Amino acid sequence: MMVSSKGRYALRVMLDMAEQGDGAWLRLSDIAQRQQLSKKYLESIMAALSRAGLVESSVGKAGGYRLTRPPEEYPVGEILRAAEGDLCAVSCISEEKAGCGSVCDCGTRSFWQGLEAQINTYVDHYTLAQFMHSGEKSTGRSCGAEGE
């Protein structure tokens, strides 16, 4: 499984909002500047996060974006799935069921299902609050090229 730049940036943006937040509305341009992202790319990330109900938006002079709940209630897995879709290691077990051509009954299927379960367990038990408490920061240091 490879998390794309969209998933990585979605997580960084959510952490940025948690660190800046306290229920305040945050301007898209400010988030983009702190995270060194283009505003257009950030808009696509925010649209996915908004569709998933992870953030809410408000228009107007005092508007912007804010989290819909406390950082403790945001599992990393939920954020990554909002940006990436499912987190399957192989396509034959994904929700989209792109398949591998073997009707998904091959001898390796249980291995891939076990790996998926391990990935989901890990990402679903790590929250935004844990990042905040671990001292990791959401600065704009690059984890990969924007728009990969």
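Only a predicted model underlies this, so the values are computations on that prediction, with no experimental measurement involved. (Residues numbered from 1 in each chain as written. Predicted model: local features only at pLDDT ≥ 70, side-chain atom pairs only at ≥ 80, totals over all residues. Heavy atoms only, no water.)

## Remarks on the overall build of the protein chain
No. 1: Each helix and strand counted, the protein chain has six helices and two strands in total.
No. 2: The order of α-helices and β-strands along the protein chain, N terminus first, is α-α-α-β-β-α-α-α.
No. 3: For the protein chain, the proportion of its 148 residues judged to be buried stands at 39%.
No. 4: Put simply, 68% of the contacts in the protein chain that link residues at least 6 apart link residues at least 24 apart. (Helix = DSSP H or I, 4+ residues; strand = E, 2+ residues; numbered from the N terminus. Buried < 20%, exposed > 50% of the residue type's maximum accessible area, 1.4 Å probe, protein only. Contact = heavy atoms within 4.5 Å.)

## As for the pattern of salt bridges
No. 1: A complete count under the given rule lists five salt bridges for this structure.
No. 2: A salt bridge links Asp-124 to Arg-81, with the nearest nitrogen and oxygen atoms 3.0 Å apart. Of this pair, Asp-124 sits in helix H5 (residues 109–124) while Arg-81 sits in helix H4 (residues 76–84), and the two are 43 residues apart along the sequence.
No. 3: Residue Asp-124 is classed as partly exposed on the basis of its relative accessible area of 33%.
No. 4: Looking at Arg-81, the relative accessible area reads 29%, which means it is partly exposed. (Salt bridge = Lys/Arg side-chain N within 4 Å of Asp/Glu carboxyl O.)

## What about helix H1 (residues 5–20)?
No. 1: Taking 1.5 Å as the rise per residue, H1 with 16 residues should run 22 Å; its terminal C-alpha atoms sit 22 Å apart, in good agreement.
No. 2: Within the span of H1, buried status applies to Ser-5, Gly-7, Tyr-9, Ala-10, Leu-11, Arg-12, Val-13, Met-14, Leu-15, Asp-16, Met-17 and Ala-18.
No. 3: Residues of H1 that are buried sit in contact with helix H2 (28–35), helix H3 (39–51), strand S1 (55–58), strand S2 (64–67), H4 and helix H6 (128–134). (Expected span 1.5 Å × (residues − 1).)

## Some remarks on the packing of H2 against H3
Working note: a packed helix pair is described by the angle between its axes plus the distance between those axes.
No. 1: Here H2 crosses H3 at 110°, and the two axes come no closer than 10 Å. With respect to their mutual orientation, H2 and H3 come out roughly perpendicular. Considering how the two elements wind past one another, H2 and H3 form a crossing that is right-handed. Contacts from Leu-28, Ile-31 and Ala-32 in H2 reach Lys-39, Leu-42, Glu-43 and Met-46 in H3.
No. 2: Here the contact of H2 with H3 is built from residues that sort into five nonpolar, no polar and two charged. (Axes fitted to C-alpha atoms, helices over the stretch in contact; angles between N-to-C directions. Parallel < 35°, antiparallel > 145°, perpendicular 65-115°, else oblique. Left-handed = near helix turned anticlockwise from the far one by under 90°. Nonpolar A, V, L, I, M, F, W, Y, C, P; charged D, E, K, R; others polar.)

## Some details on the nonpolar core
No. 1: If you look at the biggest cluster of nonpolar residues, it comprises 34 residues, and the most contacted ones within it are Met-14, Met-17, Met-46, Leu-49 and Ile-79.
No. 2: Secondary-structure elements contributing two or more residues to this core are H1, H2, H3, S2, H4, H5 and H6.
No. 3: Looking at this core element by element, the count peaks at eight residues for H1.
No. 4: Ignoring sequence-local partners within four residues, the contact set of Met-17 consists of Leu-26, Ile-31, Met-46, Val-55, Tyr-65, Arg-66 and Leu-67. (Core = buried A, V, L, I, M, F, W, Y, C linked by side-chain atoms within 4.5 Å.)

## Notes on the packing of aromatic side chains
No. 1: One pass over the full model with this rule turns up four aromatic pairs.
No. 2: Taking the centre distance of 6.0 Å and the plane angle of 85° together, the rings of Tyr-9 and Tyr-41 count as edge-to-face. Placement of the pair is Tyr-9 in helix H1 and Tyr-41 in helix H3, with a sequence separation of 32 residues.
No. 3: For Tyr-9, a relative accessible area of 5% gives the class buried.
No. 4: Here the aromatic rings of Phe-111 and Trp-112 are separated by 4.8 Å at their centres, their planes lie at 75°, and the arrangement is edge-to-face.
No. 5: By relative accessible area, Phe-111 is classed as exposed at 51%. (Phe/Tyr/Trp six-rings, centres within 6.5 Å; stacked < 30°, edge-to-face > 60°.)

That's the geometry; what it means functionally is another story.
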